[in-house]
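Examining the three-dimensional arrangement
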Amino acid sequence: MTWKKFSGEIIQNPILDEVERAIERESNLGNKLKVCIGTDSQVKGAITDFATVIVFLREKKGAFMFINQEKSTKKMSIKERMLWEVQKSIETAYALCDLLDLYDVDLEVHADINTNPMFKSNQALHEAMGYILSMGFVFKAKPEAFASSACANKVVQ
């Protein structure tokens, strides 16, 4: 899995090592961090472009993020695509959660799913919420899910 910085620079180290270095650097600068993980996707013809982001929020001092992009040719329903997004976010959160616990960094998993039943993505709300909460993570949906609905969205647009 290839991760990159927002600048486009490819991260050469394993993502766990890069996250730990980022936490240590920010901690040494006196910054309190929270990590928000989210995934968004965009269907472009026969290709679905997925972007997963690890957003590091510095308390009152901005943010930065790491990005992973993958493409799929699998045809999916809206519900299946929403749950794929959640799966990708959970895989990333699960890989990082022990490290974040070690450094006492709060973690949220954001789902690009609308809480309003008028929107198609709402079909996956209950499954996504149950999946994320059952894994022990803090769950956020739209409009609070900025990691997926703003940050990852910017990558796939």
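**Overview of unusual backbone geometry**
Of note, the bond from Lys 142 into Pro 143 is cis; its omega dihedral lies within 30 degrees of zero at 10 degrees. With respect to the secondary-structure elements, Pro 143 resides in the loop between strand 6 (138-142) and helix 4 (146-156). With a phi close to 60 degrees, Lys 60 is a non-glycine residue in the positive phi region. Mapping Lys 60 onto the fold places it in the loop between strand 3 (47-58) and strand 4 (63-72).

**Quick word on the side chain of Arg 81**
Position of Arg 81 relative to the elements: it lies in helix 2 (residues 78-102). For the buried Arg 81, no salt bridge exists, and the shortest N-O distance to an oppositely charged side chain is 4.1 Å, to Glu 85. Beyond its immediate stretch of four places on either side in the chain, Arg 81 contacts Ser 41, Gln 42, Val 43, Thr 48, Phe 50 and Met 76.

**Brief notes about a nonpolar patch on the surface**
A contiguous nonpolar surface patch, about 300 Å² in accessible area, is contributed by Tyr 94, Tyr 131 and Met 135. By the element assignment, Met 135 lies in the loop between helix 3 (125-134) and strand 6.

Quick notes on the rules
Per chain, residues are indexed from 1 in the order of the written sequence. Totals for whole chains, interfaces and linings use every residue, but because this is a predicted model, local features are given only for residues with pLDDT of at least 70 and side-chain atom pairs only at 80 or more, for both listing and counting. Water and hydrogen atoms were dropped before computing side-chain values, which therefore reflect all heavy atoms in the structure. Strands here are runs of E lasting at least two residues and helices are runs of H or I lasting at least four, both read from the DSSP assignment and numbered beginning at the N terminus. Only protein chains enter the accessibility calculation, which uses a 1.4 Å probe; a residue whose area is less than 20% of its type maximum is buried, one above 50% is exposed, and one in between is partly exposed. Neither His nor the chain termini are counted; the positive set is Lys and Arg, and the negative set is Asp and Glu. What counts as a salt bridge is simple: a side-chain nitrogen of Lys or Arg found within 4 Å of a carboxyl oxygen of Asp or Glu. Contacts are residue-level and defined by heavy atoms, with any inter-residue pair within 4.5 Å sufficient. Put simply, a patch holds well-exposed residues, over 30% relative accessible area, that have no salt bridge, with like charges counted together within 9 Å and Val, Leu, Ile, Met, Phe, Trp or Tyr side chains within 5 Å. For the accessible areas, the method is Shrake-Rupley and the probe is 1.4 Å, while residue cover comes only from the protein chains on display.

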